[in-house]
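Analysis of the macromolecular model
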Amino acid sequence: MKNLTSYIIMGALALSAASCSDGWLDVEPSTSVETDKVINELTDIDIALNGIYTTMQNAYAYSGRLVYYADATGDDMQAYSATKRTGNYYTFNFTKDTSPSTFWSYPYEMITLCNIILDKIDNVSTKDEELKSCYKGQALALRGMLLFDLTRFYGYPYKKDNGASLGVPIVNTVLDKDAKPSRNTVAECYTAVINDLKAAVAAFDNSEGKAFRKGHINRWGAMTLLSRVYLYHGDDAEAYKMATEAIKGAEAEGYELWSNAEYPSAWANDCSVNNKGEVLFEIVNTTDDSPGKESLGRLHSPVGYKDICVTTSFHALLSEDPKDVRMKLLVYSSKRGFINKFQPQEGEEIMDANIPLLRLSETYLNAAEAAVKLGDNDNAVKWLDAIVRRANPANTVEGTQVTLERVMTERRKELVGEGHRMFDALRDGGFVDRHDVSGQSKVSSTKHLISKPEKMHFDWSYYKCVLAIPKAERDANLNIQQNPTYDSAKE
């Protein structure tokens, strides 16, 4: 059985695999070397980073499970059937002994790679200090992102108890193979995440860090992610500052919101330095370097696995405005509705579709949410109106008092299928409300598959809104404490 420190070995293997890759990362082949000797030159850093991005492509990572989890556990999407891949998460059909291990293992494997890079990079001699700083920024941003997601999977929302409950172990150094770290609090995890992302934003403050880097996170992606983390943490003024600075900086570099006309098909764009669009960070998949049939593209597609579909309640919400351009992203089959966001790039299959993780649309919504929470209606209107008008140019929020509920409703419509809903619903003390809505003829075969009330309507007090620590980890590391109620729960 593997414990957390075994991912040091897995990280070393990922480095070796990346050094031999011939996929989209365009890494020059090299010979595998020992982990503690692999970082000598700037090109070694590049190879190591590519090892992380390659691991992110996996269907058990950000081309699949780490994204669809929050949609399957929310109320806007549901598993097509209980036996589908998303079924166990939608039905919360896991116990302390059957909880999946990959939500733990993949992020820690990638964190290990980040730590190897950060342990070595300051000692790498180079004349290209800006590129070196950019590489350091990527490692910091990715480590912060991974710890943030681990904290969301295994720790209760920060605002539930100001982070006093347990999160996950903070691993920000290269551990000894015999180390057995215990869990840090959620508050400590957020401090570490924010510190990493702030350091990443600073490291990206040069031409290399601001530049478009296909499939790699840059300054604007890190700032958007940091604004999201600040919202979860309750730092609304910092969230507003970071989001608005990200918008200003990204748009100065040529990023822009997709237009109403572009929106339905822009998801299939092959973003480039001359056609950045609004995707700030995406997982790039190709026919030669693909996560395969388990990827989000096939899981969401009615001609693929049709694994996860929209609920009747979400369909009713979006259908309130039939001219909302986001209605064009719904495709129907067997009286069910599917989200068509994971569109393949030209010449590729559905399973090869790129996976957007950070978009400028979210940055606008983060700014609007923070403005509302700060009582700044003028700026809440400004940032929200851009998203509302893009959805339907006949609509506007100008002249209104924007409420938090209004912003969060727009967030649901805009970010559905992108891995947000359950976390968004609970992070400010709200709830997931699963219910069927009649009269939705296009999705009339869709019905919720759950009968237990605690799984249909829940808030952050429901013990299964966080995952159980995997059995293999607890067996190998007796310092790891299980999440509340799992040990005593009877299923």
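Residues numbered from 1 in each chain as written. Predicted model: local features only at pLDDT ≥ 70, side-chain atom pairs only at ≥ 80, totals over all residues. Heavy atoms only, no water.

Looking at the pattern of salt bridges
Under the criterion given, the structure shown has 38 salt bridges. R359 is the partner of E414 in a salt bridge, and the nearest nitrogen-oxygen pair spans 3.0 Å. Taken together, the positions of E414 in helix α17 (residues 404-415) and R359 in strand β6 (residues 355-359) put the pair 55 residues apart, joining distant regions of the chain. In this pair, the class of E414 matches that of R359, namely buried. A salt bridge links R406 to E410, with the shortest nitrogen-to-oxygen separation between them at 2.8 Å. With R406 and E410 both in helix α17 and 4 residues apart, this pair spans about one turn of that helix. Because the salt bridges share partners, they merge into one network encompassing E278, D324, R326, K341, R359, R390, R406, E410, E414 and E418. (Salt bridge = Lys/Arg side-chain N within 4 Å of Asp/Glu carboxyl O. Helix = DSSP H or I, 4+ residues; strand = E, 2+ residues; numbered from the N terminus. Buried < 20%, exposed > 50% of the residue type's maximum accessible area, 1.4 Å probe, protein only.)

Some words on the packing of helix α5 (residues 102-120) against helix α6 (residues 129-154)
How two helices pack is summed up by the angle between their axes together with the distance between the axes. Packing of α5 against α6 brings their axes to within 9 Å, and their N-to-C directions diverge by 155°. Overall, the two elements α5 and α6 adopt an arrangement that is roughly antiparallel. Handedness of the α5/α6 crossing: left-handed. For the pair formed by α5 and α6, the contact residues are F103, W104, P107, Y108, M110, I111, C114, N115, I117 and L118 on the first element and K136, A139, L140, L142, R143, L146, L147, L150, F153 and Y154 on the second. (Axes fitted to C-alpha atoms, helices over the stretch in contact; angles between N-to-C directions. Parallel < 35°, antiparallel > 145°, perpendicular 65-115°, else oblique. Left-handed = near helix turned anticlockwise from the far one by under 90°. Contact = heavy atoms within 4.5 Å.)

Points about the layout of surface pockets
Take a probe with the size of a water molecule and roll it over the atoms, and the empty space left behind shows itself. Here the largest pocket defines a volume of roughly 510 Å³. Lining of the largest pocket is provided by 18 residues; of these, E405, M408, R412, R421 and F431 occupy positions nearest its centre. Elements that contribute at least two residues to the lining of the largest pocket include exactly α14 (312-318), α17 and α18 (421-426). Residue contributions to the lining of the largest pocket peak at 5 residues, all from α17. A class-by-class count of the residues in the lining of the largest pocket yields 7 nonpolar, 4 polar and 7 charged. (1 Å grid on protein atoms, 1.4 Å probe; cavity = no way out; pocket = protein on both sides within 12 Å on 5 of 7 lines; lining within 4 Å. Points joined across faces, edges and corners; volume = space filled by probe spheres on them. Nonpolar A, V, L, I, M, F, W, Y, C, P; charged D, E, K, R; others polar.)

Some remarks on the environment of K442
On the secondary structure map, K442 appears in the loop between β7 (432-433) and α19 (453-456). On the accessibility criterion, K442 (46% relative accessible area) is partly exposed. K442 sits 244 residues away from K198 along the chain, and the two C-alpha atoms are 46 Å apart. If sequence neighbours within four positions are ignored, K442 has contacts with H315, Y332, K335 and R336.

Here we look at the environment of A268
As for its position among the elements, A268 is in the loop between α12 (263-266) and β2 (279-283). Expressed as a C-alpha distance, the spacing of A268 and Q345, which sit 77 residues apart in the sequence, is 4.8 Å. Those residues in contact with A268 that sit more than four places away from it in its chain are Q343, P344 and Q345.

Things to note about the nonpolar core
The biggest cluster of nonpolar side chains holds 145 residues, and the ones touching the most others in it are M56 and Y62. In terms of residue count, α6 provides more of this core than any other element does, 14 residues in total. With residues up to four places along the chain from it excluded, the contact list for Y62 reads M56, V67, M110, M145, L146, D149, I283, L296, I355 and L357. (Core = buried A, V, L, I, M, F, W, Y, C linked by side-chain atoms within 4.5 Å.)

Remarks on the environment of N172
Along the chain, N172 falls in the loop between α7 (158-161) and α8 (186-203). Of the residues examined, N172 reaches a relative accessible area of 44% and is grouped as partly exposed. For the pair N172 and D196, spaced 24 residues apart in sequence, the C-alpha to C-alpha distance is 9.6 Å. For N172, the residues in contact, after removing those within four places along its chain, are N115 and R143.

Side note on the pairing of β2
Burial within β2 is extensive, with 5 of its 5 residues counted as buried. In the sheet, β2 pairs with β6 via 4 bridges, with the strands oriented antiparallel. Bridge pairing links E282 to P356 in β6. (Pairing = 2+ DSSP bridges.)

Details of the packing of aromatic side chains
Scanning the entire structure with this criterion turns up 27 aromatic pairs. Here the aromatic rings of W104 and Y154 are separated by 5.2 Å at their centres, their planes lie at 85°, and the arrangement is edge-to-face. Linking W104 in helix α5 with Y154 in helix α6, this pair joins segments that are 50 residues apart in sequence. As far as burial versus exposure is concerned, W104 and Y154 are alike and both buried. For the pair Y462 and Y463, a centre-to-centre distance of 5.7 Å together with 70° between the ring planes defines the contact as edge-to-face. (Phe/Tyr/Trp six-rings, centres within 6.5 Å; stacked < 30°, edge-to-face > 60°.)

Observations regarding helix α2 (residues 42-56)
Compared with the 21 Å implied by 1.5 Å per residue over 15 residues, the 21 Å span of α2 between its first and last C-alpha is a close match. For α2, a buried count of 12 out of 15 residues is recorded, marking the element as mostly surrounded by other parts of the structure. Three or more residues of α2 are buried, namely L42, D44, I45, I47, A48, L49, N50, G51, I52, Y53, T55 and M56. (Expected span 1.5 Å × (residues − 1).)

Side note on empty space enclosed by the protein
Applying the stated criterion to the full structure yields 8 cavities of 30 Å³ or more. Approximately 160 Å³ is the volume attributed to the largest cavity. Counting residues per element, the ones that place at least two in the lining of the largest cavity are α3 (65-72), α6, α10 (219-233) and β6. Ranked by residue count, the leading element in the lining of the largest cavity is α6, at 4 residues.

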